[in-house]
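Residues per chain, in single letters:
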Amino acid sequence: MKTAKEFLKTIFFIEILRGLALTLSRLFTHAVTRRYPKVKRPAQPGFRGLHALVRDRDTGKEKCVGCCLCAAYCPSQCIYIYTSEDEDHKKIVDRYEIEVLRCIFCGFCVEACPFGAISLTEHYEYSDYSRDAFYMTKERLLSNWDKYMAGQKGEGYFRKFWRPMSEDFGTPEKQATWRKIQNAK
Amino acid sequence: MLIMSSICAICFLGGWTIPQFITNTLPFLLKVPGILWFLVKVYAFMFFYYWVRATLPRYRYDQLMAIGWKLLIPLALVNILITGLVKIMV
């Protein structure tokens, strides 16, 4: 049996009235939502957005050497790298392409890269009507770097978020190179 | 919602009129057209509509049935009984 107090509670809808009081009080507070396209939330540190190939400040070209570690590590296998050899037996990256639609943004490619040549920018608004827009060629990836990682942002990127936290990604000393053959020539 | 609120305003809040005790104290309010009072009442009901819908977005059906059958109908019957008794006694 219900007690008299509980009975009165049900009769006068006390619980519902308390809910109504809560919603009414919220009517006079500020909204917790943002007006998204107008008010954007800044990306959190280490945000994994659209890919970019790091442009070397000294040479003005990509840092990538075409070792294919990122492509080997990529869980969704969406990185395609085509390399060739020039007269000096140096490896040239002819094509470096990422199918962004298949990417799962795990960031393994950035982790795998021994040269710090690929990065994930904080840019995430790149919807489009065609699939071609999501097929990133080397030129587009480099321009992504110029667009979204210019200045301080790009300089601090690898130091802040990725291990080993490195100041400079030079060629590792034990890295296999064609130096001997070059010298023999 | 508009129609339901209008019916409610007419049935329960006196439609386009305002209570006597208000007009007695503030006689100039009689000059305000009746449609304005009516609209105020309708919008008050519509606000209540939105208010309840914002508070209880999906009232569960069995709870709704429980309120209707176990609470509101018995209360209405008791109300009829008490009103009748009062009418007889007084």
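Numbering of residues starts from 1 in every chain and runs along the sequence as written. Written order decides the labels, with chains lettered from A and ligands numbered from 1. Residue-level local features of this predicted model are given only where pLDDT is at least 70; pairs of side-chain atoms are given and counted only at 80 or more, and the full residue set underlies all totals for whole chains, interfaces and linings. Each side-chain value is worked out from all heavy atoms of the structure, with water and hydrogens disregarded.

Student: Summarise the overall build of chain A; cite the residues concerned and give the values.
Tutor: Runs of H or I in DSSP of at least four residues are treated as helices and runs of E of at least two as strands, each being numbered from the N terminus. Looking only at helices and strands, chain A features 7 helices and 5 strands. If you list the helices and strands of chain A from N to C, you get α-α-β-α-β-β-α-β-β-α-α-α. Expressed as a percentage of the 185 residues in chain A, the buried residues total 30%. Considering only residue pairs separated by 6 or more positions, chain A has 69% of its internal contacts joining residues 24 or more positions apart. Every accessible area reported is derived by Shrake-Rupley at a probe size of 1.4 Å, with residue values counting cover from the shown protein chains alone. As displayed, chain A has an accessible area near 13,200 Å², and 55% of this comes from carbon and sulfur atoms. Note on classification: 1.4 Å probe, protein chains only; a residue is buried when its accessible area is under 20% of the maximum for its type, exposed when over 50%, partly exposed between these limits. Residue contacts follow a heavy-atom distance rule, with two residues in contact if any of their heavy atoms lie within 4.5 Å.

Student: Describe helix α2 (residues 14-26) of chain A, listing the residues and the values that go with them.
Tutor: To estimate how far a helix should reach, multiply one less than its number of residues by 1.5 Å. Compared with an ideal rise of 1.5 Å per residue, which puts 13 residues at 18 Å, α2 of chain A spans 18 Å between its outermost C-alpha atoms and is within 8% of the ideal. Every buried residue of α2 of chain A is accounted for by Ile16, Gly19 and Leu20 of chain A. Seen from one end, α2 of chain A has its buried residues packed into an arc of 100°, which puts them on one side. Facing away from the buried side of α2 of chain A, by more than 90 degrees, are the exposed residues Glu15 and Arg18 of chain A. Summarising the contacts, the buried residues of α2 of chain A are in contact with α3 (34-55) and α4 (61-89) of chain B. Along the arc lie the directions from the helix axis toward the C-beta atoms.

Student: Requested: an account of the pattern of salt bridges, with residues and values cited.
Tutor: The working definition used for a salt bridge is a side-chain nitrogen of Lys or Arg within 4 Å of a carboxyl oxygen of Asp or Glu. Under the counting rule described, the total for this entry stands at 8 salt bridges over all chains. Of the charged contacts, one joins Lys40 of chain A and Glu125 of chain A as a salt bridge, the two residues approaching to 3.6 Å between their closest N and O atoms. Linking Lys40 of chain A in the loop between α2 and β1 (51-53) with Glu125 of chain A in the loop between β4 (118-120) and β5 (135-136), this pair joins segments that are 85 residues apart in sequence. Where Asp62 of chain B meets Arg60 of chain B, a salt bridge forms, and the shortest distance between an N and an O atom there is 2.9 Å.

Student: Tell me what's going on with the side chain of Ser5 of chain B, and back it up with residues and numbers.
Tutor: Structurally, the position occupied by Ser5 of chain B is in helix α1 (residues 2-13). In this structure Ser5 of chain B touches Val42, Phe45, Met46 and Tyr49 of chain B, once residues within four positions along its chain are discounted.

Student: Account for the domain arrangement of chain B, with residues named and values stated.
Tutor: Once the domains are mapped, chain B shows domain 1 (1-57) and domain 2 (59-90). An automatic or database domain assignment provides the domain bounds reported here. With centres defined by C-alpha atoms, the gap from domain 1 of chain B to domain 2 of chain B works out at 25 Å.

Student: How would you summarise the packing of aromatic side chains if you had to cite specific residues and measurements?
Tutor: The geometry of an aromatic ring pair comes down to the distance between the two centres and the angle between the two planes. Only Phe, Tyr and Trp rings are paired, with Trp represented by its six-membered ring, and only when their centres lie within 6.5 Å; those with planes under 30 degrees apart are stacked, over 60 edge-to-face, the remainder tilted. Under the definition given, this model contains 5 aromatic pairs over all chains. Seen from their ring centres, Tyr73 of chain A and Phe108 of chain A are 5.1 Å apart, and the 20° between their planes marks the pair as stacked. Residue Tyr73 of chain A is found in helix α3 (residues 69-73), and its partner Phe108 of chain A is found in helix α4 (residues 108-112); the two are separated by 35 residues along the sequence. By relative accessible area, which is 30% here, Phe108 of chain A ends up partly exposed. An aromatic cluster of at least three residues, connected via ring pairs, comprises Phe47, Phe48 and Trp51 of chain B. By definition, being over a ring means that NZ of Lys or CZ of Arg is both within 6 Å of the ring centre and within 35 degrees of the ring normal. A cation sits over an aromatic face here: Arg95 of chain A above Tyr82 of chain A, 4.2 Å from the ring centre.

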